[in-house]
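# Close look at the chain arrangement
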Amino acid sequence: MATHPPQEQLQKTEKLSPRAAARREEILTAARKVFVRDGYTATKLLDVAKEAGCAAGTLYTYFENREDLFTAVLQQVEHEMRSASGRIASDDPRELISAANRAYVESYADNAPELALMERVSQTHPEMHKLRTSRARGFTSRNQRLIKSLQDDGTLASDRDAEMLALSLSIMVSRLCYSVFVENMIPDAGEADGAATAEEHKARTIERIVSTVNDIWFRTLGL
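Residues numbered from 1 in each chain as written. Predicted model: local features only at pLDDT ≥ 70, side-chain atom pairs only at ≥ 80, totals over all residues. Heavy atoms only, no water.

Looking at the secondary structure, you find valine 77 in helix 5 (residues 66-86). On a C-alpha basis, the gap between valine 77 and asparagine 111 in space is 7.1 Å, while along the polypeptide they are 34 residues apart. Look past the residues within four positions of valine 77 in its chain and what remains in contact with it is Arg32, Asn111, Glu114 and Leu115. (Helix = DSSP H or I, 4+ residues; strand = E, 2+ residues; numbered from the N terminus. Contact = heavy atoms within 4.5 Å.)

What follows is the structure, encoded as structure tokens:
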């Protein structure tokens, strides 16, 4: 299974003209819909081209094959999630953690179908497993840097294992989101009010998750 590494995908995109880049984004939007609808194995590039309103030849101008296209879709999802987290600006560690957790949970909720598909495909395709692992390590590294900064300024004891703390807390948030938004572990979330809409249910669930993971983070780090 041949896929282009993330950096190579980025370099290819940067070389495109504005018009070509916009066309590529349209194809990716269509691909996300088709992959989620049909599943990875059943997705055909002809169906993606039809959804995007272009000829198959146009699609091949930007992507070599289905694997290349799916890799680009995952990179797009990751970029959206990282961009949401990157908008955080504060010197208060509690505010930083709370904002980062909220950005992650909200992004996960918005991209749950794509992330669920990534989980499934990564179980049988080594290259996709590498991409998934790389993505997880990126978020963990961000959290580790935050924990290390708390150690450097004396907020957190320096003898605590920053790497293991970051890994444990990151996995906790990620698996909780997967259990709720993919496996539907709490299907009755927010249904106390029978008039509530699906979006209201989703918003309430996000608030419950963010409140819970913040509490665990703060207690674990002694903030």
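So, about the packing of helix 7 (residues 112-122) against helix 8 (residues 126-152). Relative to each other, helix 7 and helix 8 sit at 130°, their axes nearing to 8 Å. The angle between the axes of helix 7 and helix 8 places the two elements in the oblique class. The two elements helix 7 and helix 8 meet at a crossing, and its hand is left-handed. On helix 8, the residues touching Leu115, Met118, Glu119, Val121 and Ser122 of helix 7 are Met128, His129, Arg132 and Arg135. (Axes fitted to C-alpha atoms, helices over the stretch in contact; angles between N-to-C directions. Parallel < 35°, antiparallel > 145°, perpendicular 65-115°, else oblique. Left-handed = near helix turned anticlockwise from the far one by under 90°.)

Our next topic: the nonpolar core. In this structure, Ile27, Leu69, Ile147, Trp217 and Leu221 are the most contacted members of the largest nonpolar core, which totals 54 residues. A total of eight residues in this core trace back to one element, the largest contributor, which is helix 9 (residues 162-182). The contacts of leucine 69, once residues within four sequence positions are left out, are Ile27, Leu28, Ala31, Phe35, Leu45, Val48 and Phe63. (Core = buried A, V, L, I, M, F, W, Y, C linked by side-chain atoms within 4.5 Å. Buried < 20%, exposed > 50% of the residue type's maximum accessible area, 1.4 Å probe, protein only.)

On to the packing of aromatic side chains. Using the criterion set out here, one finds six aromatic pairs in the structure. Pairing tyrosine 104 with tyrosine 108 gives two aromatic rings, centres 5.9 Å apart and planes at 45°, and the pair type is tilted. Here tyrosine 104 and its partner tyrosine 108 are both found in helix 6 (residues 93-110), four residues apart, which amounts to about one turn of the helix. Tyrosine 104 sits in the buried class, given a relative accessible area of 8%. Plain terms: the ring middles of tyrosine 104 and phenylalanine 139 are 5.3 Å apart, the flat faces sit at 80° to each other, and that makes the pair edge-to-face. Here tyrosine 104 is found in helix 6, whereas its partner phenylalanine 139 is found in helix 8, with 35 residues between them in sequence. (Phe/Tyr/Trp six-rings, centres within 6.5 Å; stacked < 30°, edge-to-face > 60°.)

A separate point is the packing of helix 6 against helix 8. Two elements in contact, helix 6 and helix 8, have axes separated by 11 Å at closest approach and are oriented at 170°. Judged by the angle between their axes, helix 6 and helix 8 are roughly antiparallel. Contacts between helix 6 and helix 8 pair Pro93, Leu96, Ile97, Ala100 and Tyr104 from the former with Arg135, Phe139, Arg142, Leu146 and Leu150 from the latter. Residues belonging to the contact of helix 6 with helix 8 are distributed by class as follows: eight nonpolar, no polar and two charged. (Nonpolar A, V, L, I, M, F, W, Y, C, P; charged D, E, K, R; others polar.)

Side chains of Met164, Leu167 and Ile171 sit close together on the surface and give an oily, nonpolar patch of about 250 Å² of accessible area. Along the polypeptide, methionine 164 turns up in helix 9. (Patch = residues over 30% accessible without salt bridge, like charges linked within 9 Å, V, L, I, M, F, W, Y side chains within 5 Å. Areas by Shrake-Rupley, 256 points an atom, 1.4 Å probe, with all protein chains shown as cover. Salt bridge = Lys/Arg side-chain N within 4 Å of Asp/Glu carboxyl O.)

Interpretation note: all reported values are geometric properties and have no functional meaning in isolation.
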